[in-house]
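# Structural characterization, general
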Amino acid sequence: MSTTADQARSKTARRAGIGAFIGSTIEWFDFYIYGTAAALVFDKVFFPELEGALGTLVAFATFWVGFLARPLGGIIFGHFGDKLGRKTTLVITLLLMGVSTTAIGLLPSYESIGIAAPILLVCIRMIQGIGLGGEWGGSVLIASEHAPKGKSILYGAFAQQGSPVGNTLSTLSFLAISQLPDDAFVAWGWRVPFLASALLVVVGLFVRLKVTESPAMARVIEKRETAKVPLSEVLRSHPMLIVLGIGACTIGLSATYFKSTFALSWATTELSFDRSAFLTIILVANITQIIVQPFGAVLATRMRSWSRAVTFMLVPELVLMPVMFLLIGTESYGLAMLGVATIPHCLYYAALAGMLASRFPAHLRYTGISLCYQLCGTLLGGTTPIIGQLLLNQTGSITAVIAYAVFQVALTLGCMLLLLKRRNYERDDEVAQASPAPAVATA
(Lines give C-alpha, C1' and ligand atoms only; values in the text may rest on other atoms or scores of the structure.)
Protein backbone atom coordinates (compact mmCIF):
# COMPACT_ATOMS: atom_id res chain seq x y z
CA MET A 1 0.00 0.00 0.00
CA SER A 2 2.80 2.35 0.98
CA THR A 3 4.66 1.59 -2.23
CA THR A 4 1.54 2.23 -4.29
CA ALA A 5 0.96 5.53 -2.49
CA ASP A 6 4.58 6.55 -3.03
CA GLN A 7 4.35 5.72 -6.72
CA ALA A 8 1.16 7.76 -7.01
CA ARG A 9 2.82 10.74 -5.29
CA SER A 10 5.85 10.45 -7.56
CA LYS A 11 3.63 10.39 -10.65
CA THR A 12 1.71 13.43 -9.42
CA ALA A 13 4.97 15.26 -8.69
CA ARG A 14 6.32 14.51 -12.16
CA ARG A 15 3.08 15.69 -13.76
CA ALA A 16 3.26 18.90 -11.75
CA GLY A 17 6.86 19.45 -12.79
CA ILE A 18 6.11 18.85 -16.47
CA GLY A 19 3.04 21.09 -16.28
CA ALA A 20 5.11 23.86 -14.69
CA PHE A 21 7.79 23.49 -17.35
CA ILE A 22 5.46 23.55 -20.36
CA GLY A 23 3.33 26.38 -19.03
CA SER A 24 6.28 28.56 -18.07
CA THR A 25 7.98 27.84 -21.42
CA ILE A 26 4.97 29.23 -23.26
CA GLU A 27 4.70 32.25 -20.97
CA TRP A 28 8.40 33.07 -21.32
CA PHE A 29 8.29 32.57 -25.09
CA ASP A 30 5.54 35.17 -25.21
CA PHE A 31 7.51 37.58 -23.05
CA TYR A 32 10.88 37.12 -24.77
CA ILE A 33 9.64 37.58 -28.32
CA TYR A 34 8.67 41.10 -27.31
CA GLY A 35 12.24 41.85 -26.16
CA THR A 36 13.70 40.52 -29.41
CA ALA A 37 11.19 42.48 -31.49
CA ALA A 38 11.92 45.62 -29.45
CA ALA A 39 15.62 45.27 -30.25
CA LEU A 40 15.13 44.57 -33.96
CA VAL A 41 11.97 46.12 -35.35
CA PHE A 42 9.61 47.98 -32.99
CA ASP A 43 11.41 51.30 -33.48
CA LYS A 44 10.60 51.08 -37.21
CA VAL A 45 7.01 49.80 -36.86
CA PHE A 46 5.74 51.86 -33.92
CA PHE A 47 8.22 54.76 -33.56
CA PRO A 48 9.32 55.59 -37.12
CA GLU A 49 9.66 59.33 -36.38
CA LEU A 50 12.41 58.67 -33.83
CA GLU A 51 15.77 57.93 -35.43
CA GLY A 52 18.74 55.80 -34.44
CA ALA A 53 19.58 55.23 -30.77
CA LEU A 54 16.63 57.33 -29.56
CA GLY A 55 14.14 55.07 -31.33
CA THR A 56 15.83 52.01 -29.83
CA LEU A 57 15.72 53.60 -26.39
CA VAL A 58 11.99 54.28 -26.65
CA ALA A 59 11.36 50.72 -27.90
CA PHE A 60 13.25 49.45 -24.84
CA ALA A 61 11.07 51.68 -22.67
CA THR A 62 7.96 49.87 -23.94
CA PHE A 63 9.80 46.61 -23.20
CA TRP A 64 10.19 47.82 -19.60
CA VAL A 65 6.45 48.55 -19.32
CA GLY A 66 5.90 44.80 -19.11
CA PHE A 67 8.19 44.68 -16.08
CA LEU A 68 6.41 47.67 -14.57
CA ALA A 69 3.14 45.70 -14.68
CA ARG A 70 4.60 42.43 -13.38
CA PRO A 71 4.42 43.34 -9.65
CA LEU A 72 0.74 44.15 -10.15
CA GLY A 73 0.26 40.70 -11.63
CA GLY A 74 2.19 39.20 -8.72
CA ILE A 75 -0.07 41.00 -6.23
CA ILE A 76 -3.34 40.12 -8.00
CA PHE A 77 -2.60 36.49 -8.74
CA GLY A 78 -0.52 36.01 -5.60
CA HIS A 79 -3.63 37.01 -3.65
CA PHE A 80 -5.82 34.45 -5.40
CA GLY A 81 -3.07 31.84 -5.46
CA ASP A 82 -2.67 32.10 -1.67
CA LYS A 83 -6.43 32.04 -1.07
CA LEU A 84 -7.95 29.82 -3.77
CA GLY A 85 -5.00 27.67 -4.82
CA ARG A 86 -2.19 27.51 -7.35
CA LYS A 87 -3.84 25.54 -10.17
CA THR A 88 -6.82 27.77 -11.00
CA THR A 89 -4.65 30.85 -10.92
CA LEU A 90 -2.16 29.34 -13.36
CA VAL A 91 -4.87 28.55 -15.91
CA ILE A 92 -5.98 32.19 -15.85
CA THR A 93 -2.45 33.59 -16.24
CA LEU A 94 -1.74 31.33 -19.21
CA LEU A 95 -4.88 32.52 -20.99
CA LEU A 96 -4.16 36.17 -20.22
CA MET A 97 -0.63 35.94 -21.55
CA GLY A 98 -1.63 34.10 -24.71
CA VAL A 99 -4.44 36.46 -25.67
CA SER A 100 -2.33 39.59 -25.13
CA THR A 101 0.63 38.20 -27.10
CA THR A 102 -1.58 37.26 -30.04
CA ALA A 103 -3.10 40.77 -29.93
CA ILE A 104 0.37 42.32 -30.38
CA GLY A 105 0.78 40.23 -33.54
CA LEU A 106 -2.44 41.73 -34.89
CA LEU A 107 -1.69 45.33 -33.92
CA PRO A 108 -1.66 47.88 -36.79
CA SER A 109 1.52 49.91 -37.33
CA TYR A 110 2.10 53.62 -36.76
CA GLU A 111 1.69 54.21 -40.48
CA SER A 112 -1.80 52.66 -40.36
CA ILE A 113 -3.36 54.27 -37.26
CA GLY A 114 -0.83 56.84 -36.07
CA ILE A 115 -0.20 57.49 -32.38
CA ALA A 116 -2.87 54.95 -31.41
CA ALA A 117 -0.47 52.14 -32.43
CA PRO A 118 2.25 52.76 -29.81
CA ILE A 119 -0.42 53.55 -27.20
CA LEU A 120 -2.13 50.22 -27.81
CA LEU A 121 1.25 48.48 -27.81
CA VAL A 122 2.02 49.84 -24.36
CA CYS A 123 -1.42 48.87 -23.03
CA ILE A 124 -1.18 45.31 -24.34
CA ARG A 125 2.38 45.03 -23.04
CA MET A 126 1.07 45.93 -19.58
CA ILE A 127 -1.50 43.12 -19.78
CA GLN A 128 1.29 40.77 -20.84
CA GLY A 129 3.31 41.86 -17.82
CA ILE A 130 0.38 41.27 -15.46
CA GLY A 131 -0.01 37.74 -16.84
CA LEU A 132 3.65 36.84 -16.41
CA GLY A 133 3.71 38.51 -13.01
CA GLY A 134 1.19 35.97 -11.80
CA GLU A 135 2.60 33.03 -13.72
CA TRP A 136 6.12 32.69 -12.35
CA GLY A 137 5.32 32.25 -8.66
CA GLY A 138 2.53 29.76 -9.35
CA SER A 139 4.66 27.65 -11.70
CA VAL A 140 7.48 27.48 -9.17
CA LEU A 141 5.13 26.49 -6.34
CA ILE A 142 2.98 23.96 -8.20
CA ALA A 143 6.22 22.08 -8.91
CA SER A 144 8.24 22.63 -5.72
CA GLU A 145 5.32 22.01 -3.35
CA HIS A 146 4.61 18.67 -5.04
CA ALA A 147 8.28 17.66 -4.70
CA PRO A 148 9.44 14.65 -2.66
CA LYS A 149 11.26 15.43 0.59
CA GLY A 150 14.53 17.32 0.06
CA LYS A 151 13.94 17.89 -3.66
CA SER A 152 12.08 21.20 -3.75
CA ILE A 153 14.95 22.98 -5.52
CA LEU A 154 15.09 20.26 -8.17
CA TYR A 155 11.37 20.46 -8.85
CA GLY A 156 11.31 24.26 -8.70
CA ALA A 157 13.92 24.12 -11.44
CA PHE A 158 11.30 22.63 -13.78
CA ALA A 159 9.61 26.04 -13.85
CA GLN A 160 12.99 27.79 -14.18
CA GLN A 161 13.85 25.66 -17.18
CA GLY A 162 10.93 27.26 -19.01
CA SER A 163 12.84 30.54 -19.25
CA PRO A 164 15.81 29.40 -21.40
CA VAL A 165 13.61 27.07 -23.46
CA GLY A 166 11.12 29.89 -24.09
CA ASN A 167 14.02 32.19 -24.93
CA THR A 168 15.44 29.60 -27.32
CA LEU A 169 12.12 29.17 -29.10
CA SER A 170 11.84 32.95 -29.32
CA THR A 171 15.33 33.27 -30.81
CA LEU A 172 14.74 30.39 -33.24
CA SER A 173 11.52 31.96 -34.46
CA PHE A 174 13.18 35.32 -35.10
CA LEU A 175 16.25 33.68 -36.60
CA ALA A 176 13.99 31.94 -39.10
CA ILE A 177 12.03 35.02 -40.10
CA SER A 178 15.14 37.22 -40.15
CA GLN A 179 16.02 35.43 -43.40
CA LEU A 180 13.23 37.43 -45.02
CA PRO A 181 14.08 40.61 -46.92
CA ASP A 182 14.09 43.65 -44.62
CA ASP A 183 10.88 45.05 -46.08
CA ALA A 184 8.98 41.81 -45.51
CA PHE A 185 10.47 41.38 -42.05
CA VAL A 186 9.28 44.84 -40.99
CA ALA A 187 5.92 44.63 -42.79
CA TRP A 188 4.69 41.25 -41.51
CA GLY A 189 7.47 38.77 -40.67
CA TRP A 190 7.95 39.89 -37.06
CA ARG A 191 4.25 39.19 -36.37
CA VAL A 192 4.51 35.43 -36.96
CA PRO A 193 5.97 34.46 -33.53
CA PHE A 194 3.29 36.53 -31.77
CA LEU A 195 0.47 34.86 -33.70
CA ALA A 196 1.97 31.40 -33.07
CA SER A 197 1.35 31.95 -29.35
CA ALA A 198 -2.33 31.13 -29.82
CA LEU A 199 -1.47 27.53 -30.78
CA LEU A 200 1.03 27.13 -27.93
CA VAL A 201 -1.53 28.26 -25.34
CA VAL A 202 -3.92 25.47 -26.38
CA VAL A 203 -1.15 22.92 -25.71
CA GLY A 204 -0.32 24.56 -22.38
CA LEU A 205 -3.92 24.50 -21.19
CA PHE A 206 -4.29 20.82 -22.05
CA VAL A 207 -1.30 19.95 -19.84
CA ARG A 208 -1.99 22.42 -17.03
CA LEU A 209 -5.62 21.36 -16.49
CA LYS A 210 -4.40 17.85 -15.58
CA VAL A 211 -2.20 19.06 -12.70
CA THR A 212 -3.62 18.74 -9.17
CA GLU A 213 -3.41 21.34 -6.40
CA SER A 214 -0.16 21.31 -4.41
CA PRO A 215 -0.19 19.42 -1.05
CA ALA A 216 1.06 22.45 0.92
CA MET A 217 -1.71 24.69 -0.41
CA ALA A 218 -4.34 21.96 -0.01
CA ARG A 219 -3.43 21.75 3.70
CA VAL A 220 -3.66 25.53 4.08
CA ILE A 221 -7.15 25.52 2.55
CA GLU A 222 -8.24 22.48 4.53
CA LYS A 223 -7.12 24.00 7.83
CA ARG A 224 -8.61 27.37 6.88
CA GLU A 225 -5.26 29.09 7.41
CA THR A 226 -5.41 31.32 4.35
CA ALA A 227 -4.53 34.96 4.96
CA LYS A 228 -7.33 37.49 4.67
CA VAL A 229 -5.12 39.87 2.67
CA PRO A 230 -1.84 38.07 1.78
CA LEU A 231 -0.12 41.24 0.53
CA SER A 232 -0.76 43.12 3.76
CA GLU A 233 0.34 40.21 5.92
CA VAL A 234 3.55 39.46 4.02
CA LEU A 235 4.60 43.13 4.05
CA ARG A 236 3.84 43.39 7.76
CA SER A 237 5.39 40.07 8.83
CA HIS A 238 8.30 39.64 6.40
CA PRO A 239 9.47 43.02 5.03
CA MET A 240 13.18 42.13 5.08
CA LEU A 241 12.50 38.89 3.22
CA ILE A 242 10.99 40.97 0.41
CA VAL A 243 13.97 43.36 0.32
CA LEU A 244 16.56 40.57 0.34
CA GLY A 245 14.54 38.51 -2.14
CA ILE A 246 14.47 41.39 -4.63
CA GLY A 247 18.25 41.68 -4.47
CA ALA A 248 18.76 37.91 -4.61
CA CYS A 249 16.87 37.67 -7.93
CA THR A 250 18.87 40.38 -9.70
CA ILE A 251 21.45 38.71 -11.93
CA GLY A 252 19.16 35.72 -12.42
CA LEU A 253 16.85 38.06 -14.33
CA SER A 254 19.13 40.70 -15.78
CA ALA A 255 21.80 38.41 -17.30
CA THR A 256 19.33 37.34 -19.99
CA TYR A 257 18.45 40.93 -20.87
CA PHE A 258 22.10 41.97 -20.95
CA LYS A 259 22.56 39.28 -23.60
CA SER A 260 19.39 38.94 -25.63
CA THR A 261 18.16 42.54 -25.60
CA PHE A 262 20.89 45.09 -24.82
CA ALA A 263 23.80 43.20 -26.42
CA LEU A 264 21.68 42.30 -29.45
CA SER A 265 20.95 45.97 -30.08
CA TRP A 266 24.54 47.07 -29.34
CA ALA A 267 26.08 44.41 -31.55
CA THR A 268 23.80 45.07 -34.54
CA THR A 269 23.82 48.89 -34.40
CA GLU A 270 27.11 50.03 -32.85
CA LEU A 271 29.24 47.04 -33.89
CA SER A 272 29.56 45.15 -37.16
CA PHE A 273 27.40 42.08 -36.43
CA ASP A 274 24.46 41.46 -38.70
CA ARG A 275 21.08 40.46 -37.30
CA SER A 276 21.22 36.74 -38.13
CA ALA A 277 24.78 36.33 -36.87
CA PHE A 278 24.12 37.71 -33.42
CA LEU A 279 20.79 35.91 -33.10
CA THR A 280 22.75 32.72 -33.76
CA ILE A 281 25.17 33.65 -30.96
CA ILE A 282 22.24 34.18 -28.59
CA LEU A 283 20.73 30.88 -29.71
CA VAL A 284 23.93 29.00 -28.81
CA ALA A 285 23.95 30.73 -25.41
CA ASN A 286 20.33 29.73 -24.81
CA ILE A 287 20.98 26.10 -25.75
CA THR A 288 23.99 26.11 -23.43
CA GLN A 289 21.77 27.38 -20.64
CA ILE A 290 19.16 24.68 -21.27
CA ILE A 291 21.83 21.98 -21.00
CA VAL A 292 23.77 23.24 -17.96
CA GLN A 293 21.07 24.99 -15.92
CA PRO A 294 19.58 21.86 -14.27
CA PHE A 295 23.00 21.07 -12.80
CA GLY A 296 22.64 24.17 -10.62
CA ALA A 297 19.62 22.59 -8.92
CA VAL A 298 21.48 19.29 -8.58
CA LEU A 299 24.50 21.07 -7.10
CA ALA A 300 22.43 23.00 -4.56
CA THR A 301 20.50 19.85 -3.59
CA ARG A 302 23.63 17.76 -3.03
CA MET A 303 25.75 20.36 -1.25
CA ARG A 304 25.13 20.57 2.49
CA SER A 305 25.46 24.33 2.49
CA TRP A 306 23.25 26.32 0.12
CA SER A 307 25.36 29.38 0.91
CA ARG A 308 28.47 27.60 -0.34
CA ALA A 309 26.63 26.54 -3.49
CA VAL A 310 25.53 30.12 -4.18
CA THR A 311 29.06 31.44 -3.66
CA PHE A 312 30.43 28.78 -6.02
CA MET A 313 27.92 29.76 -8.70
CA LEU A 314 28.11 33.57 -8.51
CA VAL A 315 31.69 34.57 -7.70
CA PRO A 316 32.95 33.55 -11.19
CA GLU A 317 30.40 35.94 -12.75
CA LEU A 318 32.28 38.90 -11.24
CA VAL A 319 34.92 38.13 -13.86
CA LEU A 320 32.90 36.47 -16.61
CA MET A 321 30.33 39.24 -17.02
CA PRO A 322 33.00 41.84 -17.98
CA VAL A 323 34.69 39.25 -20.21
CA MET A 324 31.42 38.75 -22.07
CA PHE A 325 31.19 42.42 -23.09
CA LEU A 326 34.87 42.62 -23.97
CA LEU A 327 34.63 39.57 -26.22
CA ILE A 328 31.55 40.93 -27.97
CA GLY A 329 33.49 44.18 -28.45
CA THR A 330 36.16 42.36 -30.44
CA GLU A 331 33.52 41.95 -33.20
CA SER A 332 34.74 38.39 -33.64
CA TYR A 333 31.91 35.91 -34.18
CA GLY A 334 33.69 33.06 -32.35
CA LEU A 335 34.87 35.14 -29.40
CA ALA A 336 31.47 36.77 -28.98
CA MET A 337 29.82 33.35 -28.90
CA LEU A 338 32.30 32.20 -26.26
CA GLY A 339 31.58 35.27 -24.15
CA VAL A 340 27.79 35.13 -24.34
CA ALA A 341 27.56 31.40 -23.53
CA THR A 342 28.51 31.87 -19.86
CA ILE A 343 27.48 29.18 -17.37
CA PRO A 344 27.60 30.21 -13.65
CA HIS A 345 24.55 32.48 -13.58
CA CYS A 346 22.60 29.76 -15.40
CA LEU A 347 23.37 27.36 -12.54
CA TYR A 348 22.24 29.99 -10.04
CA TYR A 349 18.96 30.63 -11.84
CA ALA A 350 17.98 26.95 -11.51
CA ALA A 351 18.44 27.02 -7.72
CA LEU A 352 17.00 30.50 -7.16
CA ALA A 353 13.31 29.54 -7.20
CA GLY A 354 13.48 26.78 -4.61
CA MET A 355 15.73 28.77 -2.30
CA LEU A 356 13.46 31.80 -2.44
CA ALA A 357 10.27 29.77 -1.91
CA SER A 358 11.73 28.03 1.15
CA ARG A 359 11.95 31.34 3.04
CA PHE A 360 8.20 32.10 2.99
CA PRO A 361 5.41 30.24 4.87
CA ALA A 362 3.00 28.32 2.64
CA HIS A 363 -0.02 30.59 3.22
CA LEU A 364 1.94 33.66 2.00
CA ARG A 365 4.39 31.99 -0.37
CA TYR A 366 2.78 32.81 -3.73
CA THR A 367 2.50 36.50 -2.87
CA GLY A 368 5.95 36.63 -1.24
CA ILE A 369 8.03 35.10 -4.01
CA SER A 370 6.02 36.88 -6.71
CA LEU A 371 6.69 40.26 -5.10
CA CYS A 372 10.43 39.53 -4.84
CA TYR A 373 10.82 38.29 -8.40
CA GLN A 374 8.53 40.78 -10.10
CA LEU A 375 9.71 43.88 -8.20
CA CYS A 376 13.25 42.84 -9.08
CA GLY A 377 12.12 42.61 -12.70
CA THR A 378 10.66 46.10 -12.56
CA LEU A 379 13.52 47.80 -10.72
CA LEU A 380 16.57 45.90 -11.93
CA GLY A 381 15.89 43.23 -14.59
CA GLY A 382 13.60 45.09 -16.96
CA THR A 383 15.58 48.32 -16.73
CA THR A 384 18.77 46.56 -17.85
CA PRO A 385 18.46 47.41 -21.58
CA ILE A 386 17.38 51.00 -20.82
CA ILE A 387 20.16 51.70 -18.32
CA GLY A 388 22.69 49.92 -20.50
CA GLN A 389 21.68 51.99 -23.53
CA LEU A 390 21.70 55.22 -21.49
CA LEU A 391 25.19 54.48 -20.15
CA LEU A 392 26.40 53.67 -23.65
CA ASN A 393 24.80 56.83 -25.10
CA GLN A 394 26.23 59.07 -22.39
CA THR A 395 29.77 57.67 -22.20
CA GLY A 396 30.25 56.23 -25.69
CA SER A 397 32.00 53.29 -24.00
CA ILE A 398 30.95 49.84 -22.84
CA THR A 399 32.98 50.24 -19.61
CA ALA A 400 30.12 51.81 -17.66
CA VAL A 401 27.80 48.98 -18.72
CA ILE A 402 30.37 46.45 -17.50
CA ALA A 403 30.57 48.20 -14.12
CA TYR A 404 26.79 48.09 -13.82
CA ALA A 405 26.73 44.36 -14.60
CA VAL A 406 29.39 43.64 -11.94
CA PHE A 407 27.38 45.64 -9.39
CA GLN A 408 24.33 43.48 -10.12
CA VAL A 409 26.29 40.25 -9.58
CA ALA A 410 27.66 41.52 -6.24
CA LEU A 411 24.20 42.64 -5.12
CA THR A 412 22.74 39.23 -5.93
CA LEU A 413 25.44 37.36 -4.05
CA GLY A 414 25.20 39.49 -0.91
CA CYS A 415 21.39 39.43 -0.72
CA MET A 416 21.06 35.68 -1.27
CA LEU A 417 23.67 34.87 1.39
CA LEU A 418 21.75 37.02 3.88
CA LEU A 419 18.42 35.50 2.80
CA LEU A 420 19.70 31.98 3.42
CA LYS A 421 20.36 32.88 7.06
CA ARG A 422 16.59 33.29 7.56
CA ARG A 423 14.15 30.56 8.65
CA ASN A 424 13.63 27.66 6.25
CA TYR A 425 9.86 27.01 6.03
CA GLU A 426 10.41 24.06 3.72
CA ARG A 427 11.16 21.95 6.80
CA ASP A 428 7.75 22.84 8.23
CA ASP A 429 6.10 21.64 5.01
CA GLU A 430 7.98 18.33 5.20
CA VAL A 431 6.89 17.76 8.82
CA ALA A 432 3.28 18.54 7.92
CA GLN A 433 3.41 16.25 4.89
CA ALA A 434 4.65 13.38 7.07
CA SER A 435 1.82 13.92 9.61
CA PRO A 436 -1.69 12.51 9.21
CA ALA A 437 -3.97 14.68 7.15
CA PRO A 438 -6.15 17.00 9.24
CA ALA A 439 -9.84 16.33 9.51
CA VAL A 440 -12.03 18.40 7.25
CA ALA A 441 -14.01 20.94 9.25
CA THR A 442 -17.76 20.91 8.81
CA ALA A 443 -20.23 23.70 9.19
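As a starting point, this report considers the structure included with it. This structure is a prediction, so every number in the text was calculated from the model and none was measured. (Residues numbered from 1 in each chain as written. Predicted model: local features only at pLDDT ≥ 70, side-chain atom pairs only at ≥ 80, totals over all residues. Heavy atoms only, no water.)

Counting secondary structure elements, the chain contains 22 helices and 0 strands. Dimensions along the principal axes, computed over C-alpha positions, put the chain at roughly 65 × 45 × 40 Å. With 443 residues in all, the chain has 58% of them scored as buried. Across the chain, every contact between residues at least 6 apart in sequence was considered, and the portion connecting residues at least 24 apart equals 86%. With an accessible surface of roughly 17000 Å², the chain has 68% of that area assigned to carbon and sulfur atoms. A gap of 14 Å separates the mean positions of the 31 positive and 24 negative side-chain charges of the chain. (Helix = DSSP H or I, 4+ residues; strand = E, 2+ residues; numbered from the N terminus. Buried < 20%, exposed > 50% of the residue type's maximum accessible area, 1.4 Å probe, protein only. Contact = heavy atoms within 4.5 Å. Areas by Shrake-Rupley, 256 points an atom, 1.4 Å probe, with all protein chains shown as cover. Lys, Arg positive; Asp, Glu negative; His and termini not counted. Charge placed at Lys NZ, Arg CZ, Asp CG, Glu CD.)

This part is about a positive patch on the surface. Judged by side-chain charge, K11, R14, R15 and K210 come together as a positively charged surface patch. By secondary structure assignment, the location of K210 is in the loop between α9 (191-208) and α10 (215-222). According to the relative accessible area criterion, K210 is partly exposed, its value standing at 47%. (Patch = residues over 30% accessible without salt bridge, like charges linked within 9 Å, V, L, I, M, F, W, Y side chains within 5 Å. Salt bridge = Lys/Arg side-chain N within 4 Å of Asp/Glu carboxyl O.)

Another aspect to go through is helix α18 (residues 344-357). The terminal C-alpha atoms of α18, which comprises 14 residues, lie 21 Å apart, in line with the 20 Å expected from a rise of 1.5 Å per residue. In α18, a bend of some 35° at A351 exceeds every other bend along the element. With 14 of 14 residues buried, α18 lies mostly within the body of the structure. (Expected span 1.5 Å × (residues − 1). Bend = angle between axes of the 7 residues up to and from the residue.)

Among the secondary structure elements, V315 is positioned in the loop between α15 (306-314) and α16 (317-329). Sequence separation between V315 and V409 is 94 residues, and the spatial gap between their C-alpha atoms is 8.1 Å.

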